[in-house]
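Structural features, examined
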Amino acid sequence: AFLREQCEEITAIAARQRSGRQATASPRDARREAFSVVSVSKIITRHPSLLAMSVNRKLRPTLRFLMHHYPECTLSTAMKLCTFSLAGNIMPRVRLIERHAADMSRKPLPVWTVATVMGFNVDNFCCKIGVSREVYAAEVASCVADFEREFPLSDSARTMDAGFSIRMAIKASRCAD
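In every chain, residue numbers begin from 1 and rise along the written sequence. For this predicted model, a pLDDT threshold of at least 70 governs which residues receive local features, and a threshold of 80 or more governs which side-chain atom pairs are given and counted, while totals over whole chains, interfaces and linings are taken from all residues. Excluded from the side-chain calculation are hydrogens and water; included are all heavy atoms of the structure.

**Description of the overall build of the protein chain**
Convention followed: Starting at the N terminus, helices and strands are each numbered in turn, a helix being any DSSP run of H or I of at least four residues and a strand any DSSP run of E of at least two. Working definition: with a 1.4 Å probe on protein chains only, accessible area under 20% of the residue-type maximum means buried, over 50% means exposed, and in between means partly exposed. Only the protein chains shown count as cover for residues, and the accessible areas themselves come from Shrake-Rupley with a 1.4 Å probe.
For the protein chain, the count of helices and strands is 11 helices and zero strands. Along the protein chain, from the amino end to the carboxyl end, the secondary structure elements read α-α-α-α-α-α-α-α-α-α-α. A burial count over the protein chain gives 36% of its 177 residues as buried. If you sum the accessible surface of the protein chain, you get close to 10,700 Å²; carbon and sulfur atoms cover 58% of it.

In structure tokens, the structure reads:
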């Protein structure tokens, strides 16, 4: 049901964008609009791991974040990006890019799609935007804390998800090295 709602929301957004554009759209725009309307069955076929993800703690927050910061992102791409940690990968990179863009004294970055940004390994990403691994690790820690405040785990989920805490501690120590 959640994926169906997301497909309907994307379809509505695409329709609003279409109605706001000029009557003469390029073939590229027509292709983008055609690909933005993806059926639930195709999404599940392409990304079966979505069935194991929490709607409230994984899918909904990630999709909302991506649609807010990258409105041109298709639902299929957004669903693929749900395999990345929102607080551990996506949010820190978007925040660092936004901070870089706000600093007028720095050279502007190229316009990257979210898929491109997530395709960079941490060292390459840090190098491209000119930050150290320490700054990146601090941003990850800040994003994880913000995410936990906004989407707290219940006590039963916290004991079941001790593996997540261990993985995040390992990831934070790797970023600090």
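**Remarks on the confidence of the model for the protein chain**
Our working definition: Values of pLDDT, which run from 0 to 100, indicate the predictor's confidence residue by residue. We call two residues in contact when some of their heavy atoms are within 4.5 Å.
This prediction gives the protein chain a mean pLDDT of 78; 69% of its residues lie at or above 70. Here helix α2 (residues 27-36) is the element of the protein chain with the lowest mean pLDDT, 46, and helix α9 (residues 133-150) is the one with the highest, 94. Considering only residues more than four positions removed or in separate chains, one finds that residues 30-37, a stretch of pLDDT under 50, has seven contacts.

**Re the pattern of salt bridges**
Rules: Salt bridges are counted wherever a side-chain nitrogen of Lys or Arg sits within 4 Å of a carboxyl oxygen of Asp or Glu.
Scanning the entire structure with this criterion turns up six salt bridges. Residues R57 and E148 are paired through a salt bridge, measuring 3.3 Å at the closest nitrogen-oxygen approach. Of this pair, R57 sits in helix α4 (residues 55-69) while E148 is found in helix α9, placing the two residues 91 residues apart along the sequence. With a closest N to O distance of 2.6 Å, D123 and R133 form a salt bridge.

**Observations concerning α9**
Put simply, the test is: Expected span, for any helix, means 1.5 Å times one less than how many residues it has. As used here, the arc is the angular range of directions from the helix axis to the C-beta atoms.
In this model α9 runs 26 Å from its N-terminal to its C-terminal C-alpha over 18 residues, within 8% of the 26 Å that 1.5 Å per residue would give. Taken residue by residue, α9 has Y136, A137, E139, V140, C143, V144 and F147 as its buried positions. Within α9, the buried residues cover an arc of 160 degrees as seen down the axis, which keeps them to one side. For α9, exposure combined with an orientation more than 90 degrees from the buried face picks out E134 and R149.

**Let's talk about the packing of aromatic side chains**
Defined as follows: Stacked, edge-to-face and tilted labels apply to pairs of Phe, Tyr and Trp rings (six-membered ring for Trp) whose centres lie within 6.5 Å, assigned for plane angles under 30 degrees, over 60, and everything in between, in that order. Here, a charge over a ring is recorded when the distance from Lys NZ or Arg CZ to the ring centre is within 6 Å and its angle to the ring normal is within 35 degrees.
For the coordinates displayed, the defined rule picks out three aromatic pairs. Seen from their ring centres, F125 and Y136 are 6.0 Å apart, and the 65 degrees between their planes marks the pair as edge-to-face. Here the residue F125 occupies a position in helix α8 (residues 122-129), and Y136 occupies one in helix α9, the gap between them amounting to 11 residues. Pair check on accessibility: F125 and Y136 agree, each one buried. Measuring from centroid to centroid gives 4.9 Å for F147 and F151, while their planes differ by 40 degrees, and the two rings are tilted. Just above the ring of F125 sits the side chain of R93; from NZ or CZ to the centre is 5.1 Å.

**Thoughts on α8**
Along α8, the residues classified as buried are V122, F125, C126 and I129. Along the long axis of α8, the arc covered by the buried residues comes to 95 degrees, so they all point the same way. Elements in contact with the buried residues of α8: α6 (86-102), α7 (114-119) and α9. G130, located one to two residues past α8, shows a positive phi value of around 75 degrees.

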